[in-house]
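# Descriptive structure summary
Letter by letter, the chains look like this.
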Amino acid sequence: MTQFASSHGSPSPDDAVDTRPVILEMENITKKIGGRTILHDVSLAVRQGELKVLIGPSGAGKSTFLQCVNLLIAPDAGNIILKGEKVEPHHKPSLYALRQQVGMIFQDFNLFDHLTAQENVAIALRKVRGFSKREASLRAMAELERVGLSRRAGLYPAELSGGQKQRVAIARALAMDPQVILLDEPTSALDPELVGEVLAVIRELASNGMTMIMATHQMEFARALATEIIFMEQGRIIERGSPDALLAPGAGTRTADFCSKLLAEECGC
Ligand SMILES: Nc1ncnc2c1ncn2[C@@H]1O[C@H](COP(=O)(O)OP(=O)(O)OP(=O)(O)O)[C@@H](O)[C@H]1O
Ligand SMILES: [Mg+2]
């Protein structure tokens, strides 16, 4: 694996030491599906307020990794450590604590079609956090306001655009007061003109210090906001480092090569 810890290669004495606490650690996550190893020994530690961006070709294992992080998929080997405590996948309280503290945003929103935007947010507050109906409604409205959707609170998913649906899904995740949010290509199901509104919400979360791990192909966004880019291929992390280091002109990295191919696909050149 290539590491680009700073734009000068190995850390110099002038490099600031990051003293923010590590919130979530994945240690040597391995996953096999149908006898094939999909993730090989993937390790990642996330400090408070970091935005780690996962990139890599289709089939690299990004979604599988994110689903292993909050144990929607059980890894075959490896540990998840949340705020210093190892999560026990077969111990329900430990699993529920992880799910409450580590929110997940999917590409396809996962909203309940028969509930309004406000009810989609409120139902999680009632079921998971035990809020009363009134408390849940008020908090849901506050979260919808945060993502710029208070005027759409009474609408059903079918009445919302893709970008609005994704913002409802983000509001629902935020209502859990998560320590970390995982985002699996949150804009890839959206029409191009709707991508910006969702990225703006994620940018706002990042600037307010939310800790996030996000799989995305939005390289300009990653370049501007990622604390670290993690390049995956065939179930392994093969390169990682700051956007400046990995994407510097002439860096000659796999990440830069991948990024230029994506740009070429987008412009059809
Ligand atoms: N349920 C499953 N059964 C069989 N193979 C699976 C399953 N889920 C994932 N895989 C395989 O695991 C590999 C990694 O898939 P994954 O969806 O994690 O990749 P990805 O990096 O998220 O790709 P994309 O960019 O297309 O979303 C792929 O080869 C995929 O075919
Ligand atoms: Mg995926």
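Up top you'll find the structure we're talking about.
These remarks concern the structure in this document. As a convention, each chain's residues are numbered from 1 in the sequence order in which they are written. Chains carry letters and ligands carry numbers; both start at the beginning, A for chains and 1 for ligands, and go up in the order they are written. Owing to the predicted nature of the model, reporting of local features is limited to residues with pLDDT of at least 70; listing and counting of side-chain atom pairs is limited to 80 or more, with chain, interface and lining totals taken over all residues. Side-chain measures here rest on the full set of heavy atoms in the structure, leaving out hydrogens and waters.

Moving on to the pattern of salt bridges. Between side chains of opposite charge, pairing is possible as soon as their charged atoms come close. We count a salt bridge whenever a side-chain nitrogen from Lys or Arg sits within 4 Å of a carboxyl oxygen from Asp or Glu. Tallied over the full model, the rule gives 12 salt bridges. A salt bridge links K52 to E50; the nearest nitrogen and oxygen atoms lie 3.4 Å apart. Per residue, the accessibility class of K52 equals that of E50, and both read buried. With its nearest N and O atoms 3.1 Å apart, the salt bridge here joins K261 to D257. Here K261 and its partner D257 are both found in helix α9 (residues 254–267), four residues apart, which amounts to about one turn of the helix. A cluster of three or more residues bridged by salt bridges with shared partners is formed by R129, R139, E143, R146 and D177. Classification of residues uses two cut-offs on accessible area relative to the type maximum, computed with a 1.4 Å probe and protein chains only: under 20% is buried, over 50% is exposed, and between them is partly exposed. Only DSSP runs of H or I reaching four residues or more are called helices, and only runs of E reaching two or more are called strands; each is numbered from the N terminus.

The aromatic pairing rule takes the rings of Phe, Tyr and Trp, using the six-membered ring of Trp, and pairs them if the centres are within 6.5 Å, calling planes under 30 degrees apart stacked, those over 60 edge-to-face and the rest tilted. Summed over the entire model, instances satisfying the criterion amount to one aromatic pair. Look at F231 and F258: their rings are 5.5 Å apart centre to centre, the planes differ by 75°, and that puts the pair in the edge-to-face class. Note that F231 is positioned in strand β10 (residues 228–233) and F258 in helix α9, a separation of 27 residues in sequence. The exposure classification of F231 matches that of F258, with both residues buried.

Our focus in this paragraph is helix α6 (residues 192–207). Helical geometry note: an α-helix holds 3.6 residues per turn, so side chains three or four residues apart project in the same direction. The span one expects for a helix is its residue count, reduced by one, times 1.5 Å. The terminal C-alpha atoms of α6, which comprises 16 residues, lie 23 Å apart, in line with the 22 Å expected from a rise of 1.5 Å per residue. Where α6 is concerned, the buried positions are L194, V195, V198, L199, V201, I202, L205 and A206. For α6, the buried positions fall inside an angular range of 155° around the axis, keeping them on one side. For α6, the exposed residues lying more than 90 degrees away from the buried face are E193 and S207. Contact definition: two residues touch when any of their heavy atoms are within 4.5 Å. In this structure, the buried side of α6 is in contact with α4 (133–146), α5 (162–174), β8 (180–184), β9 (211–215) and α7 (219–225). The first or second residue beyond α6 is G209, which carries a positive phi of 90°. In this context, the arc is that of the directions from the helix axis out to the C-beta atoms.

With that settled, the discussion passes to the site of ligand 1. Whether a residue is near a molecule or strand is decided by its heavy atoms; if any one of them lies within 4 Å of it, the residue is near. Close contacts around ligand 1 come from I33, R36, I38, P57, S58, G59, A60, G61, K62, S63, T64 and E185, and that covers them all. Side-chain atoms alone can form a polar contact between residues adjacent in sequence; in general such a contact is a pair of N or O atoms within 3.5 Å, and within protein one must be able to donate a hydrogen while the other accepts it. Within the backbone of A60, one N or O atom sits 3.1 Å away from an oxygen atom of ligand 1. Note on areas: Shrake-Rupley with a 1.4 Å probe; residue coverage comes only from the protein chains shown. Burial of ligand 1 by the protein chains amounts to 59% of its free accessible area of 640 Å². For the shell around ligand 1, the elements supplying multiple residues, two or more each, are β3 (36–47) and α1 (62–69). Looking at the shell around ligand 1 element by element, the count peaks at three residues for α1. Each residue belonging to the shell around ligand 1 can be placed in one class, and the counts come to four nonpolar, five polar and three charged. Residues were grouped as follows: Ala, Val, Leu, Ile, Met, Phe, Trp, Tyr, Cys and Pro as nonpolar; Asp, Glu, Lys and Arg as charged; and all remaining residues, including Gly, as polar.

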